[in-house]
Amino acid sequence: MERSFNSVTRPISAQLLFLLITSFLKWPCTEAAAASAAEELLKGFEATPNPSIPFFQPLLNDSSSKFSFGFLRVNSTQLALAVLHVPSSEPLWLANPTTLSRWSDRTKVFFNGSLVISDPRTRMFWSTETQGDKLVLLNNSNLQIQKGFDNSNNVNVPTVLWQSFDFPTNTLVETQNFTSTMTLLSSNGLYSMRLGNDFIGLYAKFDSGSDQIYWKHKALQAKAQIIEGNGPIHVQVDPDGWLGMYQNGTTPVDIESFNSFQRSLDGLLMVRLEPDGNLKAYYWSGSSWVLDYVAIRETCDLPSPCGSYGLCTPGSGCSCLDNSTELSSGECSSSGPYSNDMCSDPKTQKNDIKVLRRGGVEVPFKEWMRYETTPSLEECENACGNNCSCYGAVYNNASGFCYILDYPIQTLLGTGDDSKVGYFKIKEGANKKKINSGLGVGVGLLGGAVLCLIGAVGFGSYKIWRNKKRVNRMLEEETGGVMSGPYKDLGSASFRSIEMCSSGHR
């Protein structure tokens, strides 16, 4: 698989860093350990993590040994319950991605009808809250808690009380249903995938309390129609290389085809929501993951490819909205801590809001953005300036559309059209903090350099004094302790010549 799906665009949550594990170093130990795991867990089972295992401790295998459930080591000291694809050591599912346990003998996993993980030190507790008989891992990577057998239809099959397919994390695998009650969440927690009445939507969480949709795929309804009142839609990854959207029955209301569409593949097919907000599909070739589908093909169409207060220009890459700042470490220096109040303080009359104006910019995914129609740029700016929850606005002089940015400023699109003008608010405190911290570092470095210089001079003076004293003592011994004028001069001259020679041979 492309390692790009393990990249990040913003700081990663510590709870979800399992995606950053380098897989190829783990294959031999994972496969060897998985071979010894059980194929079902019954009531009374319990386990604790083995401190000598560096990556994955299997507890349960499917019958084909392609998938394994067990302890996944995260950041050396943390633990997650995970389902892995054994040949690639790639995590496909995580039990509780927002809260991890410690990799410690105090942490315990047990099955008492419920699958439970408990860490008394951190007070972490997670449970399926079921009353099942056994825990099994199916050949499609679905972890299930089963109870007895359902004989209501004279079919000797167990009743499924709980399954991991109903609680996806960032990945969907083939044959897995994704319904309107579920959410797919990127590993850094910034992006999510959800279903609407007739569409698949990707959403960004920009620390504003509400999600912004940035990609939408609506059902074409070519082979079947979505009938209002007939229930919500669901999607499924088809092994023949497409993402199908269904309402009822087996006829899809939409097909989003992959590169492998209607090709025979032996390896696993999966869809993943990446840390950059893109939705991608991959298939396992037997030795690596092969990219099979990309929802957002252009980098500048991603939700925030250049970070906060960034500018993405097609063909030119990333820069900053403020020409006086430089892009460093994927972020522009104008960005800082987000505030829910983008107005001046009326009590202190303190104006800590800086306004940045920039021509030739456009909002990304504007078809999903909120806008108003205003007769002028000034009125567009006023509409945002008087709104404390508005972070910025972009005005189109040609259409009169005033796009309101009610979330912290992310990446804008660069265009050659100066009739499209941006108005952006910046909390000055963030810049001052960066400037002051930079000044402090500079002063510290200067002070350190001065101290080093003083120390060097002092050490040199001490060395000169010590050597001079030693030479004088030698001369005193040769003259019986009498130091007359000529010998003092000789002593000084001799010392200086010694210092010069010794310095020349260092």
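Residues numbered from 1 in each chain as written. Predicted model: local features only at pLDDT ≥ 70, side-chain atom pairs only at ≥ 80, totals over all residues. Heavy atoms only, no water.

The name recorded for the chain in an unreviewed UniProt entry is Apple domain-containing protein, from Gossypium tomentosum.

Enquirer: Teacher, can you tell me more about the environment of Y203 here?
Expert: For Y203, the position within the fold is in strand β18 (residues 199-205). For Y203, a relative accessible area of 14% gives the class buried. It is 4.2 Å that separates the C-alpha atoms of Y203 and I213, two residues lying ten residues apart in sequence. For Y203, the contacting residues outside a window of four places in its chain are L190, Y191, S192, R194, D211, Q212, I213 and Y214. (Helix = DSSP H or I, 4+ residues; strand = E, 2+ residues; numbered from the N terminus. Buried < 20%, exposed > 50% of the residue type's maximum accessible area, 1.4 Å probe, protein only. Contact = heavy atoms within 4.5 Å.)

Enquirer: When you look at unusual backbone geometry in this model, what are you seeing that I'm missing?
Expert: Among all residues except glycine, the phi angle is most often negative; among peptide bonds, the trans geometry is most common. Backbone geometry at S89 places phi at a positive 60 degrees, although glycine is not the residue there. Tracing the backbone shows S89 in the loop between β5 (78-85) and β6 (90-94). Residue F365 is not a glycine yet carries a positive backbone phi of 35 degrees. Within the element layout of this structure, F365 appears in the loop between β31 (361-362) and β32 (371-373). Look at F365 and you get buried, because its relative accessible area is 9%.

Enquirer: Help me understand the pairing of strand β36 (residues 420-427), please; the structure alone is not making it clear to me.
Expert: By the criterion of burial, β36 is predominantly enclosed, with eight of the eight residues buried. Of the strand pairs in this sheet, strand β33 (residues 392-396) and β36 are connected by five bridges, and their pairing is antiparallel. Looking at the pairing, N396 lines up with K420 of β36. (Pairing = 2+ DSSP bridges.)

Enquirer: Just checking my understanding: could you explain the nonpolar core for this structure?
Expert: As a rule of thumb, nonpolar side chains are buried together in soluble globular proteins. Judged by nonpolar contacts, the single largest core of 54 residues is most densely connected at M193, Y214, L321 and F424. Taken domain by domain, this core gets at least three of its residues from each of domain 2 (168-297) and domain 3 (302-427). (Core = buried A, V, L, I, M, F, W, Y, C linked by side-chain atoms within 4.5 Å. Domains from an automatic or database assignment.)

Enquirer: How should the layout of surface pockets be read in this particular structure?
Expert: Empty space among the atoms becomes visible once a probe the size of a water molecule is rolled across them. In this structure, the largest pocket encloses a volume near 320 Å³. Its residues assigned to classes, the lining of the largest pocket shows twelve nonpolar, seven polar and one charged. Here the lining of the largest pocket spans two domains, and each of domain 1 (36-166) and domain 2 (168-297) adds at least three residues to it. There is about 210 Å³ of room inside the second largest pocket. Lining the second largest pocket we find 13 residues, and of these K66, F67, D266, G267 and L268 sit closest to its centre. Residue-level mapping places the lining of the second largest pocket at the junction of two domains, with at least three residues from each of domain 1 (36-166) and domain 2 (168-297). (1 Å grid on protein atoms, 1.4 Å probe; cavity = no way out; pocket = protein on both sides within 12 Å on 5 of 7 lines; lining within 4 Å. Points joined across faces, edges and corners; volume = space filled by probe spheres on them. Nonpolar A, V, L, I, M, F, W, Y, C, P; charged D, E, K, R; others polar.)

Enquirer: Would you explain the pairing of strand β9 (residues 115-119) in this entry?
Expert: The buried fraction of β9 is high, at four of five residues. Counting the residues between successive antiparallel strands, the hairpin from strand β8 (residues 108-111) to β9 contains three residues, one of them, G113, with a positive phi of roughly 105 degrees. Relative to strand β10 (residues 124-127), β9 is paired through four bridges, and the arrangement is antiparallel. Pairing of S118 across the sheet is with F125, part of β10.

Enquirer: Would you take a moment to explain the packing of aromatic side chains for this structure?
Expert: Aromatic rings considered in pairs are described by the distance between their centres and by the relative angle of their planes. All told, the structure shown has 13 aromatic pairs when counted by the stated rule. Ring geometry for Y191 and Y214: centres 5.8 Å apart, planes at 75 degrees, overall edge-to-face. With a gap of 23 residues between them, Y191 in strand β17 (residues 191-195) and Y214 in strand β19 (residues 211-218) connect regions that are remote in the sequence. In this structure, R194 packs its charged tip against the face of Y203, placed 4.0 Å from the ring centre. The ring of F199 carries K216 above its face, with NZ or CZ at 4.2 Å from the centroid. (Phe/Tyr/Trp six-rings, centres within 6.5 Å; stacked < 30°, edge-to-face > 60°. Lys NZ or Arg CZ within 6 Å of the ring centre and 35° of its normal.)

Enquirer: Help me understand helix α2 (residues 377-385) in this model?
Expert: Restricting attention to buried positions, one finds in α2 the residues C380, E381 and C384. One face of α2 carries all of its buried residues, which in axial projection span an arc of 95 degrees. Those residues of α2 that are buried are in contact with β30 (353-359), β33, β34 (401-405) and β36. (Arc of directions from axis to C-beta.)

Enquirer: Teacher, can you tell me more about the state of the cysteines here?
Expert: One covalent bond between the sulfur atoms of two cysteine residues makes up a disulfide. On inspection of all chains with the given rule, the structure shows five disulfides. A sulfur-sulfur separation of 1.9 Å characterises the disulfide bridge that pairs C306 with C318. Looking along the S-S bond of the C306-C318 disulfide, the torsion reads about -80 degrees, which is the left-handed sense. Within this pair, whereas C306 is found in the loop between β25 (289-294) and β26 (310-313), its partner C318 is found in strand β27 (residues 317-320), the two being separated by twelve residues in sequence. Residue C306 is classed as buried on the basis of its relative accessible area of 1%. (Disulfide = S-S within 2.5 Å.)

Enquirer: Help me out: how do you make sense of the sheet that holds β25 in this one?
Expert: Backbone hydrogen bonds are what pair the strands of a sheet, in a parallel or an antiparallel way. Sheet architecture is open: four strands sit in the order β14-β23-β24-β25, paired in antiparallel fashion. Of all strands in the sheet, those bounded by a partner on one side alone are β14 (171-173) and β25. Strand after strand, the sheet turns through a mean of 25 degrees between neighbouring axes, direction not considered. Looking at chain direction, strand β23 (residues 269-273) and strand β24 (residues 279-284) are connected through five bridges and run antiparallel. Its bridge partner lying in β24, M270 is registered against Y282. (Axes fitted to C-alpha atoms, helices over the stretch in contact; angles between N-to-C directions.)

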